[in-house]
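Per-entry structural report
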Amino acid sequence: MARDPLPDLSIVLGFLRSGQGWSQAKLGQTAGISPNLINDYEQGRKRLTRQRLEHLVSFLGVPPERIDATLVCLEGNRAASRSPGGPGRRIESVAGRAGKMATGFVRSLLSMLTVEGEAIEARQTAERLWQVLKPRTHAQRLAQVEESAAFRTWALCERVAAESIERAANHPKQALELAELALRIAELVPGEEVWSWRLQGYAGVHVSNARRVCNDLPGAREAMTRALKLWEDGAPGDPGLLHEAWVPWIEAALYKDERKFSKALKRIDEALDLDNGELRGKILITKSGIFDALGDPQGSTDALREAVPMIDEDQEPRLAFGLRFNLLVDLCHLGHASEVALNLPGVRELAERLGEELDLARMVWLEGKVSAGLGRNAEAEAAFEQVRRTFISHELAYDYALTSLDLALVFLEQGRTAEVHKLAEEMLGIFRSQKVPREALAALRIFCDAAKQESATVELTRRVIRFLHRSQHDPELRFEVGEGAGAP
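Every value quoted in this text rests on a predicted model; they were computed, and no experiment measured them. (Residues numbered from 1 in each chain as written. Predicted model: local features only at pLDDT ≥ 70, side-chain atom pairs only at ≥ 80, totals over all residues. Heavy atoms only, no water.)

Here we come to the overall build of the protein. Summing up its helical and strand segments, the protein has 24 helices and zero strands in all. Across the protein, every contact between residues at least 6 apart in sequence was considered, and the portion connecting residues at least 24 apart equals 63%. In the form shown here, the protein has an accessible surface area of approximately 22,800 Å², with 50% of it arising from carbon and sulfur atoms. (Helix = DSSP H or I, 4+ residues; strand = E, 2+ residues; numbered from the N terminus. Contact = heavy atoms within 4.5 Å. Areas by Shrake-Rupley, 256 points an atom, 1.4 Å probe, with all protein chains shown as cover.)

Apart from glycine, the bulk of residues carry a negative phi angle, and the bulk of peptide bonds sit in the trans form. Here the phi dihedral of Asn215 falls at roughly 65°; this positive angle occurs in a residue that is not glycine. Assignment of secondary structure puts Asn215 in the loop between α11 (193–213) and α12 (217–233). The exposed category is assigned to Asn215, whose relative accessible area is 69%. Here the phi dihedral of Arg259 falls at roughly 65°; this positive angle occurs in a residue that is not glycine. You can see Arg259 is positioned in the loop between α13 (246–257) and α14 (261–274). (Buried < 20%, exposed > 50% of the residue type's maximum accessible area, 1.4 Å probe, protein only.)

Looking now at helix α4 (residues 50–59). Helical geometry note: an α-helix holds 3.6 residues per turn, so side chains three or four residues apart project in the same direction. Those residues of α4 not exposed but buried are Leu53, Leu56 and Val57. Seen end-on, α4 carries its buried residues on one side only, within an arc spanning 95°. One or two residues past the end of α4 sits Gly61, with phi positive at roughly 75°. (Arc of directions from axis to C-beta.)

When two helices pack together, their arrangement is given by the angle between the helix axes and the distance between those axes. The N-to-C vectors of α11 and α12 enclose an angle of 160°; their axes lie 7 Å apart at closest approach. In terms of orientation, α11 and α12 fall into the roughly antiparallel class. As α11 runs across α12, the sense of the crossing is left-handed. Residues Val194, Trp197, Arg198, Gln200, Gly201, Tyr202, Gly204, Val205, Val207, Ser208, Arg211 and Arg212 of α11 pack against Leu217, Gly219, Ala220, Glu222, Ala223, Met224, Arg226, Ala227, Leu230, Trp231, Glu232 and Asp233 of α12. A class-by-class count of the residues in the contact of α11 with α12 yields twelve nonpolar, five polar and seven charged. (Axes fitted to C-alpha atoms, helices over the stretch in contact; angles between N-to-C directions. Parallel < 35°, antiparallel > 145°, perpendicular 65-115°, else oblique. Left-handed = near helix turned anticlockwise from the far one by under 90°. Nonpolar A, V, L, I, M, F, W, Y, C, P; charged D, E, K, R; others polar.)

The end-to-end C-alpha distance of α11, which contains 21 residues, comes to 30 Å, matching closely the 30 Å that a straight helix rising 1.5 Å per residue would cover. Within α11, 17 of the 21 residues are buried, which leaves it mostly tucked inside the rest of the structure. (Expected span 1.5 Å × (residues − 1).)

Turning our eyes to something else, we now look at the packing of aromatic side chains. Within the structure shown, the criterion is met by five aromatic pairs. Seen from their ring centres, Trp246 and Trp249 are 4.8 Å apart, and the 25° between their planes marks the pair as stacked. A residue pair is termed a helical-turn pair when its members lie 3 or 4 positions apart in one helix, as Trp246 and Trp249 do in helix α13 at three residues. Its relative accessible area of 14% is what places Trp246 among the buried residues. (Phe/Tyr/Trp six-rings, centres within 6.5 Å; stacked < 30°, edge-to-face > 60°.)

Further remarks concern the pattern of salt bridges. For the structure shown, the criterion picks out 37 salt bridges. Of the charged contacts in the structure, one is a salt bridge between Asp257 and Arg212, with a shortest N-O distance of 3.0 Å. Of this pair, Asp257 sits in helix α13 while Arg212 sits in helix α11, and the two are 45 residues apart along the sequence. Residue Asp257 is classed as partly exposed on the basis of its relative accessible area of 27%. The class of Arg212 is buried, set by a relative accessible area of 17%. Of the charged contacts in the structure, one is a salt bridge between Glu313 and Arg324, with a shortest N-O distance of 3.9 Å. In this pair, Glu313 sits in the loop between α16 (297–307) and α17 (317–333) while Arg324 sits in helix α17, placing the two residues eleven residues apart along the sequence. Connected through shared salt-bridge partners, Arg221, Glu251, Glu258, Arg267 and Glu270 make up one network. (Salt bridge = Lys/Arg side-chain N within 4 Å of Asp/Glu carboxyl O.)

Counting residues in each nonpolar core, the largest one holds 123 residues, and the members touching the most others are Leu156, Phe447 and Leu468. Beyond its immediate chain neighbours, meaning those up to four positions away, Leu156 contacts Ala126, Leu129, Trp130, Leu133, Phe151 and Ile185. Core analysis: the second largest hydrophobic core is formed by 18 residues, Leu13, Leu53, Leu56 and Leu60 among them. (Core = buried A, V, L, I, M, F, W, Y, C linked by side-chain atoms within 4.5 Å.)

In this structure, Glu163 sits in helix α9 (residues 154–168). Beyond its immediate chain neighbours, meaning those up to four positions away, Glu163 contacts Trp130 and Leu178.

So, about the side chain of Lys287. Topologically, Lys287 is positioned in helix α15 (residues 280–293). Apart from the residues within four sequence positions on either side, Lys287 is in contact with Leu265, Ile268, Asp269, Leu272 and Ala303.

In this model, the protein carries a mean pLDDT of 84, and residues with pLDDT of at least 70 account for 87%. Every residue in residues 80–103 is under pLDDT 50, and counting partners more than four places away or in other chains gives 28 contacts. Per-residue pLDDT stays below 50 along residues 483–488; that stretch engages in 14 contacts with residues further than four places along the chain or on separate chains. (pLDDT = per-residue confidence, 0-100.)

Turning our attention to the environment of Arg259. A residue is classified by how much of its surface remains accessible, and Arg259, at 34% relative accessible area, is partly exposed. Measuring from C-alpha to C-alpha, the distance between Arg259 and Glu476 comes to 8.7 Å, with 217 residues separating the pair along the chain.

One can find Met224 in helix α12. Considered as a pair, Met224 and Val247 are 23 residues apart in the sequence and their alpha carbons are 9.3 Å apart. Discounting residues that sit within four places of it in the chain, Met224 has contacts with Val205, Ser208, Ile250, Glu251 and Leu254.

The next subject is the environment of Leu242. With respect to the secondary-structure elements, Leu242 resides in the loop between α12 and α13. Once the C-alpha coordinates of Leu242 and Glu158 are considered, the two residues, 84 residues apart in sequence, prove to be 7.8 Å apart. Discounting chain neighbours no more than four positions away, the residues touching Leu242 are Trp154, Glu158, Trp195, Arg198, Leu199, Tyr202 and Trp231.

The structure is reproduced here in structure tokens:
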């Protein structure tokens, strides 16, 4: 379904905010409201009144008169667009009729509104075209693009690339097909070659992302290198239509998987600087993942706390659940069981709304972690035993091992060493059958040997838990036997 045209006041708010160099997050924070509400106003999902608009732009240091000037230019631009002549001629015509307003302001305003207006229309058309392509096979989609000029637009390239991102987590092969389709569209888009380079760079970055989630890191880096060159070479041809934050954001995720964490953090901060507020919450989630791979739960927690108000649980319940769940896990790692307990009901409600068995199982696991942290050992034991059965039935070796180690901690704190030994033997056998990474298996063997000799300690168990949690994101990480109590 094509979206309705944006209300004038929504366009004005977006223009004035971006013109002052403010992100949606900054305006929301300064005005004391959610950045999601700012986004809803600008996207026309929530009604924006003139009084409310004046209130918001006052935080930008913009007088109410600027609203009227912008509205005049917007209406003049629409009128001019119905007359002969290209955008440049229309801008000069309307600027000349704008009366007492500053000509420079009018000219720049009309340039931006022309680009924004044409972008909205192009994206609406792209959505309709995607609905035509969506039910078709990959080969049929490619054939349609090759045969019909209507399907060779920058906006459709952008839309297909976005669909690739949506599919990446659960359907990596489909994500790669979609990214390659976006790249082919970019190659066929008519117009100046420099604009085609920019589009190919944008689509190529998404190809890199899809190869990454397909576990082809060399192929992902190869695609990224080519895409970055095209992206930079094509910069002069970009009228500001493509969201620049995508490029460093996607490369940050690639650097993370390549275990180049300092580069990943640098690129993720560049993405945050380029973002206008639209993607900030999701970029912060990626930043949290980098800190997670570094074994820094405090850094991860800080990023997730900042992201929470930027993800609307009604619009994106799956993302909101993952964000809030991971935040509570980090807080557990930091020893804040009481705070986690207060926030568990809201996260469980999200999990129940989604209705996925594994989400609900992970909620039981988290509830067990909280019970253990609060000294309620019987409740923790029951929760962990229940969750272990679910994880092993789904062949989730890492989740099973982590839960078993949590259960081992409960047993150790009660002096039940024989049961710890039994748990260790079960874990080792399952890990061997699941073909988990060598370093993770080595860490478990150390724990199992200690359990067999009844010398496993609470501290060793916690170290192995921390290691397994990190090694999910960094399979080459090594468990060093001789490290101190705070490692790894």
